[in-house]
Amino acid sequence: MADSSVDVVEGCRLPVLRKNQENEDEWPLAEILSVKEIPGRKLYYVHYIDFNKRLDEWVTPDRLDMKKLQFPKKEAKTPTKNGLPGSRPSSPESEVVRVAGAGPQHTPSRPPQPQKRKAESVSLATQVSPATPVPSLPGLAEASQASVYPAVRDTNTFNLKSNARDDHEQLTSLTTVNQHLITLPFSNDQSLVFQYNNSPRCANVYLQPGEDSQDSSDGIPSTPRMTGSLVSDRSHDDIVTRMKNIDCIELGRHRLKPWYFSPYPQELTTLPILYLCEFCLKYLKSLKCLQRHLTKCNLRHPPGNEIYRKGTISFFEIDGRKNKTYSQNLCLLAKCFLDHKTLYYDTDPFLFYVMTEYDAKGFHIVGYFSKEKESTEDYNVACILTLPPYQRRGYGKLLIEFSYELSKVEGKTGTPEKPLSDLGLLSYRSYWSQTILEILMDLKPDNGERPQITINDISEITSVKKEDVISTLQYLNLINYYKGQYILTLSEDIVEGHERAMQKRHLRIDSKCLHFTPKDWSKRGKW
């Protein structure tokens, strides 16, 4: 459909042919990020508008619909607030150039929708027992879902990868994030009172009125913190970092297709395959170099201390200062699959917890998470990632559960650093939901009286931060207003959905297998 008489330049927008999840043709609007010429033809690197960046790709001219080509507007000088001249960035909502005879007219098969990989698509259905809606509560401090669950649109962080098939089964009885947000007055000693109905599978939880709570979670930070945050402020984005620069990575017996840009050395980005040693993560330019390296590499597991082992699963604690080269190589690999985190070569302020699977050849990396040695904001995870070959197998939740197990040993409550990626958000919601429902369903009546539990009790038992507990209850739509009280209603559908999910969750952390002694990192000498 391309017309050679029209020059498509960077910044143009036009419909581009692609296959959707059902392998059907669709024509979503896309932006041209780069153009390159190879012998005989041109290639265009496109970003599909409102789709995740990991779907960006090089396309041939025959996939472009030139009849709806939009050229970027020229920058127009506009005054700023203080009256000084400024410039407005170019807008592709611009003139539409229709090229006569460029091919038959067509309409996109459907409006562009945010597209994810098949493994991520999760259908959430509302299955909550009816109750009186909660009236608006003026003057209460907001514990908004948006602050704890940032909006998922064209994101990917840090990304934790989750077992989406399990999540689908587990979340079929839960409400979507777009449901009405309820703001409630939770205090530190807020009590939740359970009342069991005649049906043994349904319980009501009464919330006794309390004082307002302050939600300290402020969502997406405007800039990275100077204490070692890995959150990207997006201000460094340019045309180079918006494009994938590595075609393929060979890691052990797996070949991985990167999703995002990673700052590997420039000379390696032109190679068809980048080879990594799966034990030390050193990058090499050829298979011969890798084979020569393996004869000299003595590692058969990540450096650092093995602090957990059960069956074939092990966790290694790696100090970013003591094992700087390994930590930097791990960050480079992780950046291929994490979009919302920026990469710092100063790994000193971080600890890395690498999960491995053992066989006769050694300990093979499955995923990891990092955390700050000292976090002023109670973050127990900075970056978290399950490598693509190990996704949809329950490893994501295992990483999350392990991070909270460390928080329990430290005697702290923790929360992941925001923003979460789409997959990280899905996995954390799932983990929080399962963990809290597990506690609520285990409560038994005491001497014929309704059992009570406070928000703080749940937080102390699970080490999940109080704001995350409250937001999870709101996300599950358990909170209702009944006979002058705020109650939590566990419907039969939610109970059954939870039980189905727990039956599929075979991988769990055994605290007896954890050998971990927290350090006081406030003493800088230990760095």
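Residues numbered from 1 in each chain as written. Predicted model: local features only at pLDDT ≥ 70, side-chain atom pairs only at ≥ 80, totals over all residues. Heavy atoms only, no water.

Asker: Before we move on, could you go through the side chain of D339 and cite the residues and values that matter?
Answerer: In this fold, D339 is placed in the loop between helix 4 (324-335) and strand 19 (350-359). By relative accessible area, which is 5% here, D339 ends up buried. Here the side chain of D339 touches K53 through a polar contact of 3.1 Å, side chain to side chain. (Helix = DSSP H or I, 4+ residues; strand = E, 2+ residues; numbered from the N terminus. Buried < 20%, exposed > 50% of the residue type's maximum accessible area, 1.4 Å probe, protein only. Polar contact = N/O pair within 3.5 Å; in protein donor to acceptor, adjacent residues only side chain to side chain.)

Asker: Can you break down the sheet that holds strand 14 (residues 254-256) residue by residue, with the values?
Answerer: In spatial order, the strands read 14-13-15-16; together these four strands make up an open sheet with mixed pairing. Lying at the two open borders of the sheet, with one neighbouring strand each, are strand 14 and strand 16 (283-284). Bridge analysis of strand 13 (residues 249-251) against strand 15 (residues 274-276) gives three bridges, and the strand direction is parallel. Bridging across to strand 15, E250 finds its partner in Y275. (Pairing = 2+ DSSP bridges.)

Asker: Break down helix 8 (residues 466-475) for me, with residues and values.
Answerer: A large share of helix 8 lies buried, amounting to 10 of its 10 residues. For helix 8, the full list of buried residues reads K466, E467, D468, V469, I470, S471, T472, L473, Q474 and Y475. Backbone geometry just downstream of helix 8 places N477 in the positive-phi region, at approximately 60 degrees.

Asker: So, the pairing of strand 17 (residues 305-310): which residues are in play, and what are the values?
Answerer: As a general feature of sheets, a regular strand has side chains that alternate between the two faces. As defined by bridge partners, strand 17 adjoins strand 18 (residues 313-319) across five bridges and the pair is classed as antiparallel. What sits directly across from R309, in strand 18, is S314. What sits between the antiparallel neighbours strand 17 and strand 18 is a turn of two residues, in which G311 has the positive phi angle 65 degrees.

Asker: So, the state of the cysteines: which residues are in play, and what are the values?
Answerer: Covalent bonding between the sulfur atoms of two cysteines defines a disulfide. Within this structure, the stated rule accounts for zero disulfides. Distance from the sulfur of C383, which forms no disulfide, to the nearest cysteine sulfur (C331) is 7.0 Å. The class of C383 is buried, set by a relative accessible area of 3%. (Disulfide = S-S within 2.5 Å.)

Asker: Mind laying out the nonpolar core, listing which residues take part and the relevant values?
Answerer: Grouped together as the largest cluster of nonpolar side chains are 80 residues, with contacts concentrated most on F315, L333, Y368, F402 and L473. In terms of residue count, the dominant contributor to this core is helix 6 (residues 422-442) (nine residues). Setting aside its immediate chain neighbours within four residues, Y368 contacts L330, A334, L338, F352, Y353, V354, M355, C383, I384, L385 and L399. In this structure, C12, A30, Y44 and F51 belong to the second largest nonpolar core, which totals 16 residues. (Core = buried A, V, L, I, M, F, W, Y, C linked by side-chain atoms within 4.5 Å. Contact = heavy atoms within 4.5 Å.)

Asker: Quick rundown of the pairing of strand 20 (residues 362-372)? Include the residues and the values.
Answerer: Counted residue by residue, strand 20 has 11 buried out of 11 residues, so it is predominantly covered. Sheet analysis places strand 19 next to strand 20, joined by 10 bridges and oriented antiparallel. The partner of D359 across the bridge, within strand 20, is G362. Here strand 19 folds back onto strand 20, and the loop between the two strands holds two residues. Sheet topology note: the strand 20/strand 22 (residues 383-386) ladder contains four bridges and is antiparallel. The partner of F369 across the bridge, within strand 22, is I384.

Asker: Explain the environment of I461 to me, using residue names and the numbers behind them.
Answerer: Within the secondary structure layout, I461 lies in helix 7 (residues 455-462). Residues I461 and T435, spaced 26 residues apart in sequence, show a C-alpha to C-alpha distance of 9.9 Å. Leave out the neighbours within four places in its chain, and I461 touches K408, I439 and I453.

Asker: Go over unusual backbone geometry, please, and point to the residues and values.
Answerer: Note the cis peptide between K418 and P419, where omega equals 0 degrees. With respect to the element layout, P419 can be found in the loop between strand 23 (415-416) and helix 6. Backbone geometry places D378, a non-glycine residue, at a positive phi of 60 degrees. Mapped onto the fold, D378 is located in the loop between strand 20 and strand 21 (379-381). A positive phi angle, close to 60 degrees, is found at N477, a residue other than glycine. Structurally, N477 is set in the loop between helix 8 and strand 25 (479-482).

Without other data, these values stay purely geometric and don't point to any function.
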